[in-house]
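Okay, here's what each chain looks like letter by letter:
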Amino acid sequence: MKTVIFNTIDQNAEHWTSMSLDIGAHPELGHEEFRSSALLAEELEKHGFTVERGTLDLPTAFIATYDSGKPGPTAAFLCEYDALPEIGHACGHHIIGVMGVAAAVGLKSVINETGGVIRVYGTPAEETKGAKVTMAEAGLFDDCSFALMAHPYHAYEKSGESLAMDAVQFEFFGKTAHAAANPHDGINALDAVIQLFNALNALRQQVRSDARLHGIIDAGGQAPNIIPDYASAKFYFRSADRAYTNELTQRALRCAEGAALQTGCTLKTNAYEYSYDELRTNETLSGLFSANLIEGGVPSDAIQSGKDNGSLDLGNVSTRCPAIHPYVQVVDQPYQLHTTEFRDAAMQPRAMQGLLFGAKVLAATAYDVCADPALLRQVREEFEQARK
């Protein structure tokens, strides 16, 4: 059966390579991926999937479905296709989107034999306000038996951990005055931001080693001789789990309240991006993915352990259904994500080979679970145990 899957992917290889290069050459920011999402949705329709566009009123989101008509699991493949500001597809999402489509079409070639349903989720804006958060909150993954995606990288890496994250903007409002003539009439909003940074820097000593606090001043005044009546800072707060991240964010809010009180400012806070939960890797699925990598020719000692020190909106999915987020090698140099070097290398023939190989491994992993009820039970039991 896997041979049928691989042959299906190979038969469409040239077309899918062209699609990926097309998306890579036309980068679109999160929730603006109109061209990219349309290309992926139309491709799925061409292969017999029913596509719902604009899911949850998100214009560039979609859900594509193929139902075998026979009992079986619901296999989900997740597609990303947003780019980064200025440097374009430096995170390889032009590969991720097409990889998910190719894997789904590959599995479709055998799903009528195993039974079950295939869903492909078009999930915009992973880099900012990730649609997976909205979809997870709406329960759109709750009936999925498992969810799979793989990320392009310079190495093979197991699905591992990621950090839960909150994104908070702190806005301070004061009173403007001439900084030399009558400073006593002013209330300095920038002083409040500086006090916030000082407080958070002191807080670092009293937090867990996995915690991360990092931010910028995005507004700090207009001129040196004008006391700023408005200043703003944006921060990310992260840790290894949602509960501690909530605690960390609350402690940061108290620091901000203290800074406002010290300076006489008023404070306004808001979440400028969605909160991401930590990734909970399903080790049964992860083991199957690694086994399929090895079966495909990757030496076992070339598959690294996974620990993502960033944050992923897939974390929110992994609290709703079993999920994995491994990394697949698509470049041969140790280029880091979010760099122009990785962006350029991810448009080369080597990267397209990695796309097709990743699609085969994703589809083979899904097939393993769809074809073996015992494996499906094992995946589910591990997920339920982790929820407890």
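Thresholds applied
Residues numbered from 1 in each chain as written. Predicted model: local features only at pLDDT ≥ 70, side-chain atom pairs only at ≥ 80, totals over all residues. Heavy atoms only, no water. Core = buried A, V, L, I, M, F, W, Y, C linked by side-chain atoms within 4.5 Å. Buried < 20%, exposed > 50% of the residue type's maximum accessible area, 1.4 Å probe, protein only. Helix = DSSP H or I, 4+ residues; strand = E, 2+ residues; numbered from the N terminus. Contact = heavy atoms within 4.5 Å. Pairing = 2+ DSSP bridges. Axes fitted to C-alpha atoms, helices over the stretch in contact; angles between N-to-C directions. Expected span 1.5 Å × (residues − 1). Arc of directions from axis to C-beta. Polar contact = N/O pair within 3.5 Å; in protein donor to acceptor, adjacent residues only side chain to side chain. Phe/Tyr/Trp six-rings, centres within 6.5 Å; stacked < 30°, edge-to-face > 60°. Lys NZ or Arg CZ within 6 Å of the ring centre and 35° of its normal. Disulfide = S-S within 2.5 Å. Parallel < 35°, antiparallel > 145°, perpendicular 65-115°, else oblique. Left-handed = near helix turned anticlockwise from the far one by under 90°. Nonpolar A, V, L, I, M, F, W, Y, C, P; charged D, E, K, R; others polar.

> How should I be thinking about the nonpolar core in this particular structure?
When a protein is soluble and globular, its nonpolar side chains tend to lie buried together. Ranked by internal contacts, the top residues of the largest apolar core, which has 63 residues, are Leu44, Phe49, Phe77 and Leu107. With 13 residues, the single largest contributor to this core is helix H11 (residues 349–371). Setting aside chain neighbours within four positions, we find leucine 107 in contact with Ile5, Ala75, Phe77, Ile118, Ala363, Ala366 and Tyr367. Core analysis: the next-biggest nonpolar cluster, separate from the first, contains 26 residues, Phe197, Leu200, Tyr244 and Ala259 among them.

> What's the story with the sheet that holds strand S5 (residues 146–148) in this structure? I'm lost.
Within the open sheet, the six strands sit side by side as S1-S2-S4-S3-S5-S13. Their pairing is mixed. Only two strands of the sheet have a single partner each, and these edge strands are strand S1 (50–53) and strand S13 (323–324). By the bridge criterion, two bridges tie S5 to S13 in an arrangement that is parallel. Within S13, the residue paired with alanine 147 across the bridge is alanine 323. On top of the sheet, helix H3 (residues 34–46) reaches S1, strand S2 (62–67) and strand S4 (117–122); it is set at about 155 degrees to S1, its chief contact.

> How do you make sense of helix H12 (residues 373–387) when you look at a structure like this?
One full turn of an α-helix is made of 3.6 residues, so residues set three or four places apart face in the same direction. Its 15 residues give H12 an end-to-end C-alpha distance of 21 Å, which sits within 8% of 21 Å, the value for a rise of 1.5 Å per residue. For H12, the set of buried residues is Leu375, Val379 and Phe383. For H12, the buried positions fall inside an angular range of 75 degrees around the axis, keeping them on one side. Counted as exposed and oriented over 90 degrees from the buried face of H12: Pro373, Glu381 and Gln385. The inward-facing, buried residues of H12 abut helix H8 (283–295), helix H9 (314–318) and H11. For H12, the side-chain oxygen to backbone nitrogen distance between the N-cap and alanine 374 is 3.0 Å, and the N-cap itself is aspartate 372.

> Quick question: what am I supposed to make of the side chain of threonine 245 here?
Residue placement: threonine 245 occurs in helix H7 (residues 242–263). Threonine 245 gets classed as buried once you look at its relative accessible area, which sits at 0%.

> Looking at this structure, how should I read the packing of aromatic side chains?
Following the criterion strictly, the structure yields 11 aromatic pairs and no others. Geometrically, the ring pair formed by tyrosine 121 and phenylalanine 141 is tilted, given 4.5 Å between the ring centres and 35 degrees between the ring planes. Taken together, the residues tyrosine 121 in strand S4 and phenylalanine 141 in the loop between helix H5 (131–137) and S5 connect sequence positions 20 residues apart. One exposure class covers both tyrosine 121 and phenylalanine 141, and it is buried. Members of the aromatic cluster, joined through ring pairs, are Phe170, Phe197, Phe235 and Phe237. The ring centre of tyrosine 244 lies 4.0 Å from the NZ or CZ of arginine 208, which sits over that ring. When the ring centre of tyrosine 236 is taken as reference, the NZ or CZ atom of arginine 238 above it lies at 4.9 Å.

> Whenever I open this one, the pairing of strand S8 (residues 164–173) confuses me. Can you help?
Note on strand geometry: in a regular strand, side chains alternate between the two faces of the sheet. Among the 10 residues that make up S8, nine are buried, leaving the element largely enclosed by the rest of the structure. Examined bridge by bridge, S8 and strand S10 (residues 230–239) share 10 bridges and lie antiparallel to one another. In the sheet register, aspartate 166 faces S10, and the bridge partner there is phenylalanine 237. Two elements, S8 and strand S11 (residues 266–271), share six bridges in a ladder whose sense is antiparallel. Note on S11: the bridge partner recorded for phenylalanine 170 is threonine 269.

> For this particular structure, what's the right way to read the state of the cysteines?
Chemically, a disulfide is nothing more than a covalent bond linking the sulfur atoms of two cysteines. Inspection of the entire model under this criterion finds zero disulfides. Of the cysteine sulfurs around cysteine 255, a residue in no disulfide, the closest is that of cysteine 265, at 16 Å. The exposure class of cysteine 255 is buried, given its relative accessible area of 17%. The closest cysteine sulfur to the non-disulfide-bonded cysteine 321 is located on cysteine 144, 5.0 Å from its own sulfur.

> Sorry if this is basic, but what is going on with H11 here?
With 23 residues, H11 should reach 33 Å at 1.5 Å per residue; the first-to-last C-alpha distance of 33 Å fits that figure. Counted residue by residue, H11 has 19 buried out of 23 residues, so it is predominantly covered.

> Sorry, what's going on with the packing of H8 against H11 here?
The description of two packed helices rests on the angle between their axes and on the distance between the axes. Put simply, H8 and H11 touch, their axes get as near as 9 Å, and they point 130 degrees apart. As far as their axial angle goes, H11 and H8 are oblique. Relative to H11, H8 is oriented so that their crossing is right-handed. From H8, Leu285, Leu288, Phe289, Asn292 and Leu293 reach across to H11, where they touch Phe357, Val361, Leu362, Ala364, Thr365, Asp368 and Val369. Classifying every residue of the contact of H8 with H11 gives nine nonpolar, two polar and one charged.

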